Amino acid sequence: MIQKVHIVEVGPRDGLQSISEEVSTVNKVKYIDMLTNAICPEIEVASFVSPKWVPQMADAKEVSSLITRKDQIIYSALVPNVKGLENAIKCGYHSVAVLTAASESFSLKNTNSSIEESIKRIEEMIPYCKENKIRIRGYISTCWVCPYEGNIGIEAVIKAIQDLIDLGVDEISLGDTIGKATPEGVEYLLEIILDSWPPELFALHMHDTYNMAAENIVVGLGMGLRIIDSSAGGVGGCPYAPGAAGNVSTETVARICMEQGFETGIDVEKLKLAGNYIQSITQS
Ligand SMILES: [Zn+2]
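Given the structure is predicted, the values throughout are model-derived calculations rather than measurements.

Caption draft 1: Here's a closer look at the sheet that holds strand β9 (residues 202-206). With respect to topology, 8 strands assemble into a closed barrel ordered β1-β2-β3-β4-β5-β8-β9-β10, the strand pairing being parallel. For this sheet, the mean inter-axis angle between neighbouring strands, taken without regard to orientation, is 25°. Note: strand β4 (residues 95-101) against strand β5 (residues 135-141), 7 bridges, orientation parallel. Note on β5: the bridge partner recorded for Ala 97 is Arg 137.

Caption draft 2: Here's a closer look at the packing of helix α6 (residues 115-131) against helix α7 (residues 154-167). It is the contact of α6 with α7, at a shortest axis distance of 10 Å, that shows an interaxial angle of 15°. On the basis of their axis angle, the class for α6 and α7 is roughly parallel. When the axes of α6 and α7 are compared, the crossing they make is right-handed. Contact with α6, carried on its side by Ile 119, Ile 122, Glu 123 and Ile 126, involves Asp 163, Leu 164 and Leu 167 of α7 and no other residues of that element.

Caption draft 3: Seen up close, the environment of Asn 112. Position of Asn 112 relative to the elements: it lies in the loop between α5 (104-111) and α6. Owing to a relative accessible area of 52%, Asn 112 belongs among the exposed residues under this scheme. In this structure the C-alpha to C-alpha distance between Asn 112 and Val 79, which are 33 residues apart in sequence, comes to 15 Å. Residues within four places of Asn 112 in sequence aside, it is in contact with Trp 53, Ser 107 and Glu 117.

Caption draft 4: Fine view of the pattern of salt bridges. With the rule as written, the count across this model stands at 9 salt bridges. Measuring nitrogen to oxygen at the nearest pair gives 2.7 Å for the salt bridge that ties Asp 229 to Arg 137. Here Asp 229 is found in strand β10 (residues 227-230), whereas its partner Arg 137 is found in strand β5, with 92 residues between them in sequence. Given a relative accessible area of 1%, Asp 229 falls into the buried group. Where salt bridges share partners, they join Glu 42, Arg 135, Arg 137, Glu 171 and Asp 229 into one cluster.

Definitions and limits used
Residues numbered from 1 in each chain as written. Predicted model: local features only at pLDDT ≥ 70, side-chain atom pairs only at ≥ 80, totals over all residues. Heavy atoms only, no water. Pairing = 2+ DSSP bridges. Helix = DSSP H or I, 4+ residues; strand = E, 2+ residues; numbered from the N terminus. Axes fitted to C-alpha atoms, helices over the stretch in contact; angles between N-to-C directions. Parallel < 35°, antiparallel > 145°, perpendicular 65-115°, else oblique. Left-handed = near helix turned anticlockwise from the far one by under 90°. Contact = heavy atoms within 4.5 Å. Buried < 20%, exposed > 50% of the residue type's maximum accessible area, 1.4 Å probe, protein only. Salt bridge = Lys/Arg side-chain N within 4 Å of Asp/Glu carboxyl O.

Set out below in C-alpha coordinates:
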(Lines give C-alpha, C1' and ligand atoms only; values in the text may rest on other atoms or scores of the structure.)
Protein backbone atom coordinates (compact mmCIF):
# COMPACT_ATOMS: atom_id res chain seq x y z
CA MET A 1 0.00 0.00 0.00
CA ILE A 2 1.33 3.45 -0.95
CA GLN A 3 1.90 5.62 2.10
CA LYS A 4 0.80 9.21 2.19
CA VAL A 5 2.79 12.28 3.14
CA HIS A 6 0.81 15.28 4.33
CA ILE A 7 2.35 18.50 3.02
CA VAL A 8 1.51 21.68 4.92
CA GLU A 9 1.66 24.66 2.58
CA VAL A 10 3.02 27.60 4.58
CA GLY A 11 3.77 30.02 1.72
CA PRO A 12 0.84 32.42 2.25
CA ARG A 13 1.76 32.94 5.92
CA ASP A 14 5.35 32.00 6.71
CA GLY A 15 6.58 32.71 3.19
CA LEU A 16 4.95 36.08 2.61
CA GLN A 17 5.56 37.19 6.19
CA SER A 18 9.31 37.05 5.73
CA ILE A 19 9.55 39.08 2.54
CA SER A 20 9.55 42.84 2.40
CA GLU A 21 7.54 43.37 -0.82
CA GLU A 22 3.94 44.11 0.00
CA VAL A 23 1.58 41.65 -1.69
CA SER A 24 -1.93 42.95 -2.31
CA THR A 25 -4.98 41.24 -0.84
CA VAL A 26 -6.24 40.34 -4.31
CA ASN A 27 -2.93 38.70 -5.22
CA LYS A 28 -2.79 36.77 -1.95
CA VAL A 29 -6.30 35.45 -2.52
CA LYS A 30 -5.41 34.46 -6.08
CA TYR A 31 -2.28 32.64 -4.81
CA ILE A 32 -4.20 30.77 -2.10
CA ASP A 33 -6.99 29.83 -4.53
CA MET A 34 -4.32 28.43 -6.87
CA LEU A 35 -2.97 26.33 -3.98
CA THR A 36 -6.51 25.14 -3.30
CA ASN A 37 -6.88 24.21 -6.98
CA ALA A 38 -3.64 22.23 -6.71
CA ILE A 39 -5.27 20.32 -3.79
CA CYS A 40 -2.59 21.24 -1.26
CA PRO A 41 -4.08 19.28 1.66
CA GLU A 42 -3.37 21.93 4.29
CA ILE A 43 -2.80 25.64 3.75
CA GLU A 44 -1.66 28.10 6.40
CA VAL A 45 -3.49 31.14 5.11
CA ALA A 46 -2.52 34.03 7.36
CA SER A 47 -1.38 35.23 10.75
CA PHE A 48 -3.69 37.09 13.12
CA VAL A 49 -0.86 39.08 14.58
CA SER A 50 -0.83 42.82 15.21
CA PRO A 51 -0.15 44.71 11.93
CA LYS A 52 2.31 46.77 13.96
CA TRP A 53 4.53 43.69 14.12
CA VAL A 54 3.81 42.16 10.74
CA PRO A 55 2.35 44.66 8.23
CA GLN A 56 2.18 41.96 5.55
CA MET A 57 -0.55 40.19 7.54
CA ALA A 58 -2.74 43.27 8.17
CA ASP A 59 -5.36 41.94 5.73
CA ALA A 60 -5.67 38.47 7.34
CA LYS A 61 -9.40 38.96 7.86
CA GLU A 62 -10.09 40.06 4.29
CA VAL A 63 -7.94 37.32 2.79
CA SER A 64 -9.71 34.72 4.95
CA SER A 65 -13.14 35.85 3.82
CA LEU A 66 -12.26 36.13 0.12
CA ILE A 67 -10.56 32.77 -0.50
CA THR A 68 -12.57 29.90 -1.94
CA ARG A 69 -12.38 26.95 0.46
CA LYS A 70 -12.64 23.29 -0.45
CA ASP A 71 -13.99 20.77 2.07
CA GLN A 72 -11.11 18.31 1.83
CA ILE A 73 -8.49 20.99 2.58
CA ILE A 74 -7.49 22.13 6.07
CA TYR A 75 -7.13 25.92 6.26
CA SER A 76 -5.24 27.23 9.25
CA ALA A 77 -3.98 30.50 10.70
CA LEU A 78 -1.14 31.43 13.00
CA VAL A 79 -2.34 33.00 16.23
CA PRO A 80 -0.02 34.72 18.75
CA ASN A 81 -2.55 35.14 21.58
CA VAL A 82 -6.20 34.84 22.64
CA LYS A 83 -7.18 37.95 20.67
CA GLY A 84 -5.67 36.52 17.49
CA LEU A 85 -7.33 33.19 18.19
CA GLU A 86 -10.74 34.84 18.59
CA ASN A 87 -10.27 36.61 15.26
CA ALA A 88 -9.26 33.36 13.59
CA ILE A 89 -12.33 31.58 14.96
CA LYS A 90 -14.53 34.45 13.71
CA CYS A 91 -12.94 33.99 10.28
CA GLY A 92 -14.00 30.34 10.17
CA TYR A 93 -10.76 28.53 11.07
CA HIS A 94 -10.92 25.12 12.76
CA SER A 95 -7.17 24.77 12.89
CA VAL A 96 -4.61 27.21 14.28
CA ALA A 97 -0.84 27.29 14.69
CA VAL A 98 1.00 28.62 17.72
CA LEU A 99 4.63 29.48 18.19
CA THR A 100 7.38 28.72 20.66
CA ALA A 101 11.14 28.22 20.30
CA ALA A 102 13.99 26.10 21.56
CA SER A 103 16.29 29.11 21.78
CA GLU A 104 15.68 31.81 24.38
CA SER A 105 17.49 34.50 22.34
CA PHE A 106 15.50 33.70 19.22
CA SER A 107 12.22 33.74 21.12
CA LEU A 108 13.02 37.14 22.62
CA LYS A 109 14.12 38.71 19.32
CA ASN A 110 11.49 37.08 17.11
CA THR A 111 8.41 37.28 19.32
CA ASN A 112 9.49 39.69 22.02
CA SER A 113 8.75 37.11 24.70
CA SER A 114 10.69 34.45 26.57
CA ILE A 115 10.06 30.77 25.89
CA GLU A 116 8.18 30.57 29.18
CA GLU A 117 5.97 33.50 28.19
CA SER A 118 5.26 31.92 24.80
CA ILE A 119 4.16 28.69 26.49
CA LYS A 120 2.02 30.67 28.91
CA ARG A 121 0.32 32.45 26.01
CA ILE A 122 -0.43 29.11 24.38
CA GLU A 123 -1.83 27.86 27.68
CA GLU A 124 -4.23 30.82 27.76
CA MET A 125 -5.52 29.85 24.32
CA ILE A 126 -6.17 26.18 25.14
CA PRO A 127 -9.62 26.54 26.78
CA TYR A 128 -10.90 28.55 23.77
CA CYS A 129 -9.52 25.91 21.42
CA LYS A 130 -11.15 23.06 23.33
CA GLU A 131 -14.45 24.90 23.59
CA ASN A 132 -14.52 25.61 19.86
CA LYS A 133 -13.01 22.24 18.84
CA ILE A 134 -10.00 23.91 17.25
CA ARG A 135 -7.04 21.79 16.25
CA ILE A 136 -3.69 23.21 17.41
CA ARG A 137 -0.36 22.91 15.67
CA GLY A 138 2.67 24.02 17.64
CA TYR A 139 5.75 25.38 15.92
CA ILE A 140 9.09 25.08 17.66
CA SER A 141 11.58 27.46 16.05
CA THR A 142 15.34 26.90 16.03
CA CYS A 143 15.33 23.17 16.88
CA TRP A 144 18.88 22.73 15.58
CA VAL A 145 20.70 26.02 15.18
CA CYS A 146 19.87 29.54 16.39
CA PRO A 147 21.20 32.66 14.60
CA TYR A 148 22.18 34.08 18.02
CA GLU A 149 23.09 31.06 20.14
CA GLY A 150 24.48 28.65 17.56
CA ASN A 151 23.86 24.94 18.13
CA ILE A 152 20.82 24.21 20.27
CA GLY A 153 20.99 21.53 22.95
CA ILE A 154 18.56 18.65 22.61
CA GLU A 155 17.19 19.22 26.14
CA ALA A 156 15.76 22.57 25.05
CA VAL A 157 13.87 20.95 22.16
CA ILE A 158 12.62 18.11 24.37
CA LYS A 159 11.39 20.61 26.96
CA ALA A 160 9.47 22.57 24.33
CA ILE A 161 7.91 19.36 22.98
CA GLN A 162 6.95 18.20 26.47
CA ASP A 163 5.43 21.60 27.30
CA LEU A 164 3.35 21.60 24.10
CA ILE A 165 2.20 18.03 24.65
CA ASP A 166 1.28 18.75 28.27
CA LEU A 167 -0.91 21.59 26.99
CA GLY A 168 -2.70 19.23 24.59
CA VAL A 169 -1.30 20.48 21.29
CA ASP A 170 -2.29 18.12 18.44
CA GLU A 171 0.79 18.37 16.23
CA ILE A 172 4.32 19.72 16.58
CA SER A 173 6.32 21.21 13.74
CA LEU A 174 10.09 21.09 14.27
CA GLY A 175 11.65 24.15 12.66
CA ASP A 176 15.08 24.52 11.14
CA THR A 177 14.65 28.27 11.12
CA ILE A 178 17.95 29.24 9.49
CA GLY A 179 18.49 26.14 7.38
CA LYS A 180 21.61 25.01 9.21
CA ALA A 181 20.41 21.56 10.26
CA THR A 182 22.36 18.65 8.81
CA PRO A 183 21.12 15.12 8.02
CA GLU A 184 23.16 13.86 11.00
CA GLY A 185 21.62 16.50 13.25
CA VAL A 186 18.11 15.64 12.07
CA GLU A 187 18.70 11.93 12.63
CA TYR A 188 20.20 12.51 16.08
CA LEU A 189 17.33 14.67 17.31
CA LEU A 190 14.59 12.49 15.79
CA GLU A 191 16.08 9.33 17.26
CA ILE A 192 15.78 10.78 20.74
CA ILE A 193 12.34 12.28 20.16
CA LEU A 194 10.94 9.09 18.65
CA ASP A 195 12.12 7.12 21.67
CA SER A 196 9.42 8.89 23.65
CA TRP A 197 6.74 9.95 21.14
CA PRO A 198 5.13 8.56 17.97
CA PRO A 199 6.22 9.97 14.59
CA GLU A 200 2.60 10.92 13.72
CA LEU A 201 2.89 13.77 16.18
CA PHE A 202 5.66 15.59 14.30
CA ALA A 203 6.20 17.65 11.18
CA LEU A 204 9.48 18.85 9.73
CA HIS A 205 9.74 22.53 8.84
CA MET A 206 13.00 22.86 6.95
CA HIS A 207 14.51 25.94 5.37
CA ASP A 208 16.68 25.57 2.31
CA THR A 209 19.15 28.36 3.03
CA TYR A 210 22.17 26.08 2.59
CA ASN A 211 20.57 23.57 0.19
CA MET A 212 20.23 20.96 2.94
CA ALA A 213 16.43 20.78 3.15
CA ALA A 214 15.97 17.93 0.68
CA GLU A 215 18.50 15.67 2.40
CA ASN A 216 17.10 16.51 5.81
CA ILE A 217 13.57 15.70 4.68
CA VAL A 218 14.66 12.36 3.23
CA VAL A 219 16.10 11.51 6.67
CA GLY A 220 12.83 12.50 8.35
CA LEU A 221 10.72 10.43 5.95
CA GLY A 222 13.05 7.48 6.46
CA MET A 223 12.49 7.72 10.21
CA GLY A 224 8.72 7.65 9.87
CA LEU A 225 7.70 11.31 9.78
CA ARG A 226 4.83 11.91 7.37
CA ILE A 227 4.12 15.63 7.69
CA ILE A 228 6.33 18.18 5.92
CA ASP A 229 5.98 21.98 5.80
CA SER A 230 6.94 23.86 2.66
CA SER A 231 6.02 26.84 0.52
CA ALA A 232 5.04 26.84 -3.15
CA GLY A 233 7.70 28.56 -5.22
CA GLY A 234 9.93 28.50 -2.11
CA VAL A 235 8.48 31.90 -1.30
CA GLY A 236 9.96 33.61 1.72
CA GLY A 237 13.51 34.60 2.40
CA CYS A 238 15.67 34.19 5.43
CA PRO A 239 15.90 37.41 7.46
CA TYR A 240 19.19 36.21 9.00
CA ALA A 241 20.92 35.62 5.68
CA PRO A 242 19.78 38.28 3.18
CA GLY A 243 19.19 36.94 -0.32
CA ALA A 244 19.26 33.32 0.84
CA ALA A 245 16.45 30.85 0.41
CA GLY A 246 13.88 30.40 3.14
CA ASN A 247 11.24 27.69 3.22
CA VAL A 248 11.94 24.62 1.14
CA SER A 249 9.66 24.72 -1.90
CA THR A 250 6.55 22.56 -2.03
CA GLU A 251 7.58 21.56 -5.56
CA THR A 252 10.80 20.09 -4.10
CA VAL A 253 8.99 18.29 -1.29
CA ALA A 254 6.38 16.87 -3.68
CA ARG A 255 9.20 15.61 -5.90
CA ILE A 256 11.09 14.03 -2.99
CA CYS A 257 7.92 12.30 -1.82
CA MET A 258 7.32 10.91 -5.30
CA GLU A 259 10.93 9.70 -5.55
CA GLN A 260 10.64 8.03 -2.15
CA GLY A 261 7.42 6.29 -3.17
CA PHE A 262 4.96 8.44 -1.21
CA GLU A 263 1.70 9.95 -2.34
CA THR A 264 0.90 13.60 -1.60
CA GLY A 265 -2.44 14.05 -3.38
CA ILE A 266 -1.15 17.33 -4.83
CA ASP A 267 -1.67 18.21 -8.49
CA VAL A 268 1.97 19.01 -9.28
CA GLU A 269 1.26 20.90 -12.51
CA LYS A 270 -1.21 23.20 -10.79
CA LEU A 271 1.19 23.57 -7.87
CA LYS A 272 3.85 24.82 -10.28
CA LEU A 273 1.42 27.44 -11.56
CA ALA A 274 0.89 28.68 -7.99
CA GLY A 275 4.64 28.69 -7.32
CA ASN A 276 5.40 30.56 -10.54
CA TYR A 277 2.64 33.04 -9.82
CA ILE A 278 3.85 33.98 -6.36
CA GLN A 279 7.45 34.16 -7.57
CA SER A 280 6.43 36.50 -10.39
CA ILE A 281 4.83 38.97 -7.98
CA THR A 282 7.45 38.81 -5.22
CA GLN A 283 10.67 38.74 -7.22
CA SER A 284 10.38 41.84 -9.32
ZN1 LIG B 1 9.57 28.68 7.56
